[in-house]
Each structure stands twice: as structure tokens, then as C-alpha cells.
Amino acid sequence: MTPLEKTLKRTLRIDGRDYVVTLNPEALKITEKGHRLGLELQWADLISGESALAIALQASVGKLQSDRLPAAASPKPQSPARRTRAPKRRKNR
């Protein structure tokens with residue numbers, strides 16, 4: 001087997017979105033293509049079983065979750081004049 005001594009990067013397409021998988025001697029990192037931040041998992045955590053906790057924590061803060069929706073599912077923003085407010089409730093006395 002060839003030892004992992006240098007960083008190795010590969011692209012990957014999942015559900016129509018491109019990601020970069022980076023392997024280095026310390027960790028595995030997955031980022032959305034064109035972005036710097038992503039999920040990073042240390043090899044020691046993977047071996048020790050801490051990986052499930054690390055992934056759950058990162059998922060809970062929304063890493064790799066893009067705030068933009070696909071163009072077809074994106075709702076059209078309303079102009080300020082069209083916004084409506086909920087009627088105010090009267091307090092019963």
C-alpha cells in the first residue's frame with residue numbers, strides 16, 4: 001500500500017452538487033466546490049468512534065448546508081409594498 005504523505009484532492013458530485021474531498025495525513029475534509037469551510041473529520045476520531053459525535057455536531061450547526069435553494073424551488077422575494085402583516089390581536093380586559 002502507498003502511505004498517505006501528501007494531500008490528495010478529488011471532486012465528487014452528490015445530488016447535482018459538486019464537492020471536494022481532501023485526504024491528508026491528519027484528516028478527511030469534504031467541502032462544497034468553491035468554498036473553504038466544510039466537514040472535517042480527524043482520522044483519530046474516526047478510529048476511536050468519536051466520529052459519529054463529531055458529524056452529528058457539525059450537522060447540527062448546518063455545515064455544508066447551503067442557505068440558497070435550487071432555482072426551481074426558490075420562492076420569489078416580495079417587494080416591500082406587497083408585504084402583509086398579521087392583524088394585531090386585541091387584549092381582552
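Residues numbered from 1 in each chain as written. Predicted model: local features only at pLDDT ≥ 70, side-chain atom pairs only at ≥ 80, totals over all residues. Heavy atoms only, no water.

Caption draft 1: Structural detail: the overall build of the protein. The number of helices and strands found in the protein is 2 helices and 4 strands. N-terminal to C-terminal, the α/β element order of the protein is β-β-β-β-α-α. For the protein, buried positions account for 14% of its 93 residues. Of all intrachain contacts in the protein linking residues separated by at least 6 positions in sequence, the fraction that spans at least 24 positions is 16%. Summing over all exposed atoms, the protein offers an accessible surface of approximately 8800 Å²; the carbon and sulfur share of this is 54%. (Helix = DSSP H or I, 4+ residues; strand = E, 2+ residues; numbered from the N terminus. Buried < 20%, exposed > 50% of the residue type's maximum accessible area, 1.4 Å probe, protein only. Contact = heavy atoms within 4.5 Å. Areas by Shrake-Rupley, 256 points an atom, 1.4 Å probe, with all protein chains shown as cover.)

Caption draft 2: Up close: the confidence of the model for the protein. For the protein, the average pLDDT comes to 75, and 54% of its residues sit at 70 or higher. Within the model, pLDDT remains below 50 along residues 67–77, and this stretch shows 5 contacts once partners closer than five positions in the same chain are excluded. (pLDDT = per-residue confidence, 0-100.)

Caption draft 3: Quick look at the side chain of T22. Within the element layout of this structure, T22 appears in strand 2 (residues 17–23). Among all residues touching T22, those that are not within four sequence positions of it are T7, L8, K9, A27, L28 and K29.

Caption draft 4: Structural detail: the environment of Y19. Note on placement: Y19 falls in strand 2. Placed 15 residues apart in sequence, Y19 and G34 show a C-alpha to C-alpha distance of 8.5 Å.

Caption draft 5: Spatial organisation of unusual backbone geometry. Positive phi, close to 50 degrees, is recorded for D15, a residue that is not glycine. Secondary-structure assignment places D15 in the loop between strand 1 (8–14) and strand 2.

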